[in-house]
Amino acid sequence: MTELRVIHVDMDAFYAAVEQRDNPLYKDKPVIVGGDPNGRGVVSTASYEARKFGIHSAMSCKRAAELCPVAIFLPVNMDKYKNESRKIHAIFRKYTPIIEPISIDEAFLEVKEGNAVEIARRIKEDIYQCTRLTASVGVSYNKFLAKLASDMKKPDGFTVITPDDVQRILPELPIRKIWGVGEKTEKELNNIGIFTVRDLLQYDHEFLLRNWGRRAHELIQLCQGIDYSPVQVEQEVKSMGEETTLEEDTRDLNVLRKYLKVFSQAISDRMYNKGIKCRTITVKIKYNDFKVITRGTTLDRATDSPHILYKYSSDILSCRVPLIKPIRLIGLQVSNLVYPHDPVQITFL
Ligand SMILES: [Mg+2]
């Protein structure tokens, strides 16, 4: 159980880094994404320059503006960040199908074959080549340690924690660094004289278990570097779709096609995000008398292209859906999904 197979990738000051990359004027400046300096909203991400002023995520923008009056406040541009996130996930999938996304800029990966340390280095390098953004990457034999590793040398860090390192690194850590120890638990532990992992390891475990039960059990295990939680791939879906009830019942093909166009793009985005392709495209129609019909087609080759989704669905609509009565709902669904599971063969040259 101590094979190095788990990788944690965490982008550095993600939103702020994207903005700094895209506008040279923001480079090396204290940039704050989210809210505005007039005191509304909270900080989503602060650039490292802004962090030097003590600014951090979830702080009110008002406070941030007080700490750093020259800070540049920018609105959250989620579409842009999502787009970068997609590119990063596409890189992950080149190396392993076992990906557990934690947030838009953070994921656990498990590598079953090949050298995880080497693969992690390549992923970090690929991310930079592809996006000009830096990631901090940690490699270890479980999730807790991999995340701890990625956090150790931020930004642009690369850290491996081996079983031998655990004995050296963990005891020195403040207890707050352990998973699940928030402000409240930290206080409780401090109150009984536990400030570091070493303090906890040397404490009377019987006492802790008696008073805290399962929570203490997990805490003690983590302090010993033990974590059995698996890297969990998102649940596989069998189909995905979009549908809408029209504002006004219609038999107008052009109106209906417009919906299919929007649905095609949305579904294509979702498939691309998950690395999925589909083989079956189905159009669903509900007439104004609530009768529902579905008509589908299966392609020879799986696709995630919005153009192909649109072409086939609008053909189905024109040729196979009788517009005998006004339509009150239109939907588009894809199924027969193809997942990127076949392990990618990686050759080291
Ligand atoms: Mg991050």
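Residues numbered from 1 in each chain as written. Predicted model: local features only at pLDDT ≥ 70, side-chain atom pairs only at ≥ 80, totals over all residues.

**Brief notes about the sheet that holds strand 6 (residues 106-110)**
Spatial ordering of the open sheet is given by 5-6-1-7-8, a layout of 5 strands whose pairing is mixed. On the outer flanks of this sheet lie strand 5 (98-103) and strand 8 (158-160), each paired with one strand and no other. Averaged over all neighbouring strand pairs, the angle between strand axes comes to 15°, with direction disregarded. Each of strand 1 (6-11), strand 7 (135-140) and strand 8 touches helix 5 (residues 116-131); the most contacted strand, strand 7, lies at about 170° to it. (Pairing = 2+ DSSP bridges. Helix = DSSP H or I, 4+ residues; strand = E, 2+ residues; numbered from the N terminus. Axes fitted to C-alpha atoms, helices over the stretch in contact; angles between N-to-C directions. Contact = placed C-beta atoms within 7 Å.)

**Describing the sheet that holds strand 4 (residues 72-74)**
Pairing is mixed across the open sheet formed by 3 strands, whose spatial order is 3-2-4. Edge positions in the open sheet fall to strand 3 (45-46) and strand 4, since each of these has one partner strand only. The pairing of strand 2 (residues 31-33) with strand 4 spans 3 bridges and is parallel. Bridge pairing in strand 4 links Val33 to Leu74. With respect to the sheet, helix 1 (residues 14-22) is in contact with strand 2, strand 3 and strand 4, its orientation differing from that of strand 2 by roughly 120°.

**Remarks on the pairing of strand 10 (residues 277-287)**
Note that strand 10 and strand 12 (residues 327-338) share 10 bridges and pair antiparallel. Within the sheet, the bridge partner assigned to Thr280 lies in strand 12 and is Ser335. For strand 10 and strand 11 (residues 292-303), the ladder comprises 8 bridges, and the chain directions are antiparallel. Paired with Thr280 across the bridge in strand 11 is Thr298. Hairpin remark: strand 10 followed by strand 11, antiparallel, with 4 residues in the connecting loop; positive phi at Phe290, about 70°.

Function cannot be inferred from these measures alone, as they are strictly geometric.
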